[in-house]
Amino acid sequence: MRDSRLHAKRGACALALCAAVAAPAVASAQSGGTGGGTVYVATPKVTKVTCLRKCASKHRARGGSVLKIAGTELAGVNQLTYLGSYGSGDDVTVKVRAGSTSRLQARVPLGAVTGPILLTTSAGGRSAPSRPVLILPPLPPEPNPELSPVPGPRVNGAPRLETGTSRTKAYVDARPGVTFSFRLSGASAAALKVELMSAADGTVVKTWMPQEAAPDHVQSISWNGRLGRAAAKPGRYSFRLTAASADGSEARSSQTGDVQRDAFDLYDHIFPIRGPHDFGGAGARFGAGRAGHIHQGQDSFANCGTRMVAARGGRVKFKQYHAAAGHYLVIDGDGTEIDYVYMHLDQPSPFSEGDRVFTGQTIGAVGDSGNAQGCHLHFELWGAPGWYDGGKPFDPLPSLQAWDSWS
Ligand SMILES: [Zn+2]
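Residues numbered from 1 in each chain as written. Predicted model: local features only at pLDDT ≥ 70, side-chain atom pairs only at ≥ 80, totals over all residues. Heavy atoms only, no water.

Caption draft 1: Structural context of the sheet that holds strand β8 (residues 103-107). Here we have 3 strands laid out as an open sheet, ordered β3-β5-β8, and antiparallel in their pairing. Two strands in the sheet have a free side with no partner beyond their single neighbour: β3 (45-53) and β8. Taking each pair of neighbouring strands and ignoring which way they run, the sheet shows an average axis angle of 25°. As judged from the 7 bridges shared by β3 and strand β5 (residues 66-72), these two strands associate in the antiparallel manner. Residue pairing across strands places R53 opposite V66, the latter belonging to β5. (Pairing = 2+ DSSP bridges. Helix = DSSP H or I, 4+ residues; strand = E, 2+ residues; numbered from the N terminus. Axes fitted to C-alpha atoms, helices over the stretch in contact; angles between N-to-C directions.)

Caption draft 2: Quick peek at the state of the cysteines. Using the criterion set out here, one finds 2 disulfides in the structure. Each sulfur of the disulfide joining C51 and C55 lies 2.0 Å from the other. On the S-S bond that ties C51 to C55, the torsion sits near -95°, and the link is left-handed. You can call C51 buried: its relative accessible area is 10%. A relative accessible area of 27% places C55 in the partly exposed class. Disulfide pairing is shown between C304 and C375; the S-S distance is 2.0 Å. Here the S-S torsion is close to 95°, and the disulfide linking C304 with C375 is therefore right-handed. Of this pair, C304 sits in the loop between β25 (298-301) and β26 (307-309) while C375 sits in the loop between β31 (362-365) and β32 (376-383), and the two are 71 residues apart along the sequence. The class for C375 is buried, based on a relative accessible area of 9%. (Disulfide = S-S within 2.5 Å. Buried < 20%, exposed > 50% of the residue type's maximum accessible area, 1.4 Å probe, protein only.)

Nothing here speaks to function; it is all geometry.
Given below as structure tokens:
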């Protein structure tokens, strides 16, 4: 707090003066910098935080909740920072607008975690951190795979909207991606806009401007978890449709900060075995001893014939048979700088070298081809530049466990 205020004022005043104004005060006079005069900078203060809407309880918020903040000198507040628990790495800042000098409302973005909050005014005044605000994990997205009417009152003259989103769980580089569908009725729209919002911080990460089709016609757009060439950050996203009629009346499919409607969670990988499995014992671990070498992957045991998918899309680099590895496949991950290695498949993979594979696509089945005791997937991860190409294998178990937790 003290450091940041010093930092904020550095260059605008002498250090001694800055140190003086850094002392706690409800309001303080600070150097204006240019003319040597003083500018009154109100210092907001948080006295009480309660959860107002979409709460777990009055004192327990979750991502998507709306907080009511009581305090003093709140009029100029335009930013709220959720300070979280671990340094600045988990801080999330949202824009807010005070309703009065003594209270304001703020939504809780999905990226926010339990911890104090801090208010900042447009003039640079900052509150002290509040007492910790308890923030629970968000509820899962509401499934809305079929078109459903947008709830709430309709703006006069604006079209009526129905929307739907194909899935609540999506993977980077999967095909099909996640599809947002919509239909307009009642009035025609002069302009359509579909926005993809990141629920972590409420920002719009992608925008589509579809042409309006005939009234009552279902239109859709699809997204594969990429922003240009890069993979989008994992987390909650939602689609929002805005339809404006010629006279300027607007209809929206969801309100700002809504993290449920037409929302889905994006993940960067899927667990490759699509059935019951376990990670075996010490001998199945990366680094376990083998005759003449070291185990370079993690084994996952499953029934013979269990479907196996690509944990992440990419291009097939090798598809071969080896006396020890059996039928195996190496996929150069698209945009990951990682090679994904799958061994002991029960049959040769249907994919060939050079083929493009998408995340979650079936690449084969668990088997015991080659030198294997019991059906299992021997899985390796190799860093750039890749498998026996100058890269090095690394322990895939933490990744596998993470992917297993959500897929
Ligand atoms: Zn193995």
